[in-house]
Amino acid sequence: MPVRIVVVDDHPVVRDGLREIFAASDDFEVVGEAADGAEALVVALRTRPDVVLLDLRMPKMGGAEVIRRLREQAPGIRVLVLTTFDDDADVLPAIEGGATGYLLKDTPRADLRRAVLAASRGETVLSPVVAGALTRRARAPEPRTLSRRELEVLALIARGATNREVAGHLFITEATVKTHLLHVFAKLEVSDRAAAVAAAYETGLLRPSPGG
């Protein structure tokens, strides 16, 4: 049985070109096409293809939203992104939303056909550029974050307040202040108040007051 495909792109010339690529092989059948995200969802749910070949930036509904909705309403349909955009703001939402693969439009024809076959089997297919971006993302350290209360405590400490003064200002106990500070030390990987304040300024969690 040929792999059944829905082609989604807001440029007619791109859709025409993709149809020709897959018409050249008996392994594929284009069963539908769409020019925007909303239409893509309707066509995909009606035709139930094996693979939706999807552009990302489209009118009416973006590709990431189409992926998310298809994942909810028809999880058996594989989505293979085919786009010109390779920055994290496009790649990550698509992959996290459930796309089976992510390719760029400069992918050679033979590679595209192989990728669609692989996607139909549920295999992850990524262009080298996208795979590199995801690898860098995985290796990047998680950003350090503090809760609102932890930031309030640390800001007062940075202005020279004692634990007792912090407790009085925030209407909490000294024991609670100490607990918040222990959490801050752990998150910022430091062992004392001065180091915590310094780390908070270095990472932008705290900012110097205007004029001083």
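Trainee: Looking at this structure, how should I read the nonpolar core?
Mentor: Nonpolar side chains tend to gather and get buried jointly when the protein is soluble and globular. Ranked by internal contacts, the top residues of the largest apolar core, which has 25 residues, are Val-8, Val-52, Leu-54, Ile-67, Leu-70, Val-81 and Tyr-102. Listed by contribution, the elements that provide at least two residues to this core are strand 1 (3-8), helix 2 (37-47), strand 3 (51-54), helix 3 (63-73), strand 4 (78-83), helix 4 (88-97) and strand 5 (101-104). Residue contributions to this core peak at four residues, all from helix 2. In this view, Leu-70 contacts Leu-41, Ala-44, Leu-45, Val-52, Pro-75, Ile-77 and Val-79; residues no more than four positions away in its chain are not counted.

Trainee: Is there a simple way to explain the packing of aromatic side chains in this structure?
Mentor: By the definition in use, this model includes one aromatic pair. Where Phe-22 meets Phe-28, the ring centres are 5.1 Å apart and the plane angle is 65 degrees; that geometry is what we call edge-to-face. For the pair Phe-22 and Phe-28, one class covers both residues: buried.

Trainee: Can you help me understand the environment of Val-184 in this one?
Mentor: By the element assignment, Val-184 lies in helix 9 (residues 174-188). For Val-184, a relative accessible area of 0% gives the class buried. Taking the C-alpha atoms as reference points, Val-184 and Leu-146, 38 residues apart in sequence, are found 7.0 Å from one another. Those residues in contact with Val-184, other than ones at most four positions away along the chain, are Leu-146, Glu-150, Leu-154 and Ala-196.

Definitions and limits used
- Residues numbered from 1 in each chain as written.
- Predicted model: local features only at pLDDT ≥ 70, side-chain atom pairs only at ≥ 80, totals over all residues.
- Heavy atoms only, no water.
- Core = buried A, V, L, I, M, F, W, Y, C linked by side-chain atoms within 4.5 Å.
- Buried < 20%, exposed > 50% of the residue type's maximum accessible area, 1.4 Å probe, protein only.
- Helix = DSSP H or I, 4+ residues; strand = E, 2+ residues; numbered from the N terminus.
- Contact = heavy atoms within 4.5 Å.
- Phe/Tyr/Trp six-rings, centres within 6.5 Å; stacked < 30°, edge-to-face > 60°.

These figures come from the coordinates and say nothing about function on their own.
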